[in-house]
Every structure is written in structure tokens, then in C-alpha cells.
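Spelled out from the first residue to the last, the chains are:
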Amino acid sequence: MIFLSRFFSLFALALAAIPFVGWLILICADFLSLEDCLSPQAGWTAFAFLSALSLVLPPALHAWPDLTRSPRHLLRETARAVLFAFALFAVLFLLFGRPLFEWLSIPTIMLPMAALSLAPLVSCPLLYISYKVAELLLPRPGPDAPAPPAMRRFGLLSLLLVIALACHPFLQPGVSGPVMHAGGLSMLCAVWRFLALRYVIFSCGHAGFVPAWGGCCLVSLLDMLRALPGAGGMELAVMAVLFCLMLASSVCLLLPSSRRWLC
């Protein structure tokens, strides 16, 4: 019950922070004359939303299973981690945002579409930055016992999933692209997210990121369902393998021995 109360408190904080941080990101884009923040186009809105998610969710997920600190302390430090992570992003964005778009030689009218395309790539370092800031402000010890068999199975299955995600576009002769996360850049970012989650769950033992693993599996599954109509035999086989790996790895995380080991 204590876990749930802390989870919903930090979840409410995240829900309040995401639109606010997204609005600040649009302000930064407006400051660089990249877009009018008062009437943003869809590409910039998606860029700001995905960037805000990447800045807000890692601190909230890192903090909620912590029972050594009071809820007020957790909320305060989580909000501070989000603020520090956004400050780092804002400095980098204001310094390098316009030079980056100028170096890419993107016409002004195409900037919203370019921002939409770059959003998954930008989210990867933002996830790392916000997680590291949260870890610095809210340090937590890892598990003090060896990983149980269920967690070792998760480590193997999650590694196989990452390898399968990275390699499956090359195992489908005659198919134009991956069966989910269409586009090479989005596919690489999805692989990176699964690999990063595997690290913080299996190597660091952080229980807070278990919902994120399930969420990433669900998003990937929805992408596969959208690609299901018209899929050929090889694509269906790849989907089945990926689905089995996602399901089996998620089940391993939910087993009692895994829940007791994670902290």
C-alpha cells in the first residue's frame, strides 16, 4: 500500500510536470526563432512532448520504490531532478539547436517535420541525463544478494530481445523495413531504450523501471499490430519471436523472487 501511495503521488507530479516542461521547451524553440511557441505546429508539439517525457519520467520512476525517505522529500528531490535535467537540456538546446538545424540545411518550413524526426534521437540522451541527475540527488543502494534464477532468466531473455530487435530488419529478405518502429532511426532508438532499461533493472536492480519495461513492450506490441495486416510469413515469424521474448521477460520480472530482489 505504501508503494502504491508513493507511486500515485509521483505519478501525479509527473502528469503536472510533463505539460509544463513541454511548454518550456517550446519557449526555448521560440527563443531561437525556430517556432512560435504560442501556436506551435504538430511537429514541434510532438518534439516537446517526447522531450518532456524523457526528462520527467526517469526521476519519477527512480524515486517511487524508495521507502527510506519521506514522501515529501521524494517529491521535492524528484521535482529538483526534473528542474536540473531540464536546465541542462535548455543550455545545450539554446547553444546548439540553431547551429544543428543550419548544419543540416533544413528549410524553415520543414523545421517542424525535422523536429518530429529528431525527437526519438534527442530523447535517448535526455533519458540518460535525467536518470543520472535523479541518481545523484536520490542515491539508492542496489540489491545485496545475488540475482535469483528468475532475474537471471530476465537478463538472458532481455538480451536476446535487444539482439533480435537490432538484427531483425536484416533477417527479412525483400522486406523494406522493421516490423515495428518504422524507420531506421526510430528502430535504433527503441533498441537503445530496451538496452538502457535492461541495464537499470538487471544490473542496478531498480524496481521503479519495471513499469517502463512493460510500457516499452506494450508500445512495441501496438506497432506490431499495426503492421500485422499484409504481413508475410517471415514477418509473422519475427513478430512471434519478439512477442514471446517480450512476454517471457515481463513475466520474469513479475515473479515473487524477482520482486523481492529488486529494490
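Shown above is the structure to which this text applies.
Residues numbered from 1 in each chain as written. Predicted model: local features only at pLDDT ≥ 70, side-chain atom pairs only at ≥ 80, totals over all residues. Heavy atoms only, no water.

Draft legend 1. Layout of the overall build of the protein chain. When helices and strands are counted, the protein chain shows 9 helices and 0 strands. For the protein chain, the sequential pattern of α-helices and β-strands runs α-α-α-α-α-α-α-α-α. Taken over the C-alpha trace, the protein chain has a radius of gyration of 20 Å; the compact-globule value for 263 residues is 18 Å, and the two agree within 12%. Looking at the 263 residues of the protein chain, the share that counts as buried comes to 45%. Carbon and sulfur atoms make up 75% of the accessible area of the protein chain, which totals about 13500 Å². The averaged location of the 10 negative side-chain charges in the protein chain is 15 Å from the averaged location of its 15 positive side-chain charges. (Helix = DSSP H or I, 4+ residues; strand = E, 2+ residues; numbered from the N terminus. Rg over C-alpha atoms; globule rule 2.2 N^0.38 Å. Buried < 20%, exposed > 50% of the residue type's maximum accessible area, 1.4 Å probe, protein only. Areas by Shrake-Rupley, 256 points an atom, 1.4 Å probe, with all protein chains shown as cover. Lys, Arg positive; Asp, Glu negative; His and termini not counted. Charge placed at Lys NZ, Arg CZ, Asp CG, Glu CD.)

Draft legend 2. Main features of the packing of aromatic side chains. Summed over the entire model, instances satisfying the criterion amount to 8 aromatic pairs. Look at Trp 44 and Phe 47: their rings are 5.4 Å apart centre to centre, the planes differ by 80°, and that puts the pair in the edge-to-face class. Residue Trp 44 and its partner Phe 47 are located together in helix H2 (residues 42–63), separated by 3 residues, close to a single helical turn. Phe 47 matches Trp 44 in its accessibility class, with the two residues each being buried. Residues Phe 194 and Trp 213 carry aromatic rings whose centres are separated by 5.2 Å and whose planes lie at 85° to one another, so their mutual orientation is edge-to-face. Placement of Phe 194 in helix H6 (residues 184–203) and of Trp 213 in helix H7 (residues 210–227) is noted, with a sequence separation of 19 residues between them. Taken individually, Phe 194 and Trp 213 each receive the classification buried, so the pair is uniform in this respect. Here a set of aromatic residues connected by ring pairs shows up, and it is made of Trp 44, Phe 47, Phe 86, Phe 89 and Phe 93. (Phe/Tyr/Trp six-rings, centres within 6.5 Å; stacked < 30°, edge-to-face > 60°.)

Draft legend 3. Inspection of the pattern of salt bridges at higher detail. Enumeration according to the criterion identifies 5 salt bridges in this entry. Two residues, Arg 69 and Asp 66, come together in a salt bridge whose shortest N-O distance is 2.3 Å. Neither residue differs from the other here; Arg 69 and Asp 66 are each classed as buried. Connected through salt bridges with shared partners, the residues Arg 76, Glu 77 and Arg 80 form a single ionic network. (Salt bridge = Lys/Arg side-chain N within 4 Å of Asp/Glu carboxyl O.)

Draft legend 4. The arrangement of the nonpolar core in detail. The biggest cluster of nonpolar side chains holds 73 residues, and the ones touching the most others in it are Trp 44, Phe 93, Ile 201 and Trp 213. At the level of elements, helix H1 (2–31), H2, helix H3 (71–103), helix H4 (111–137), helix H5 (149–167), H6, H7 and helix H8 (233–254) are the ones that each hand at least two residues to this core. The element contributing the most residues to this core is H4, with 10 residues. (Core = buried A, V, L, I, M, F, W, Y, C linked by side-chain atoms within 4.5 Å.)

Draft legend 5. Structural context of the environment of Leu 126. Within the element layout of this structure, Leu 126 appears in helix H4. A relative accessible area of 4% places Leu 126 in the buried class. Residues Leu 126 and Glu 102, 24 residues apart in the sequence, show an inter-C-alpha distance of 22 Å.

Any functional reading would require information beyond the geometric quantities listed.
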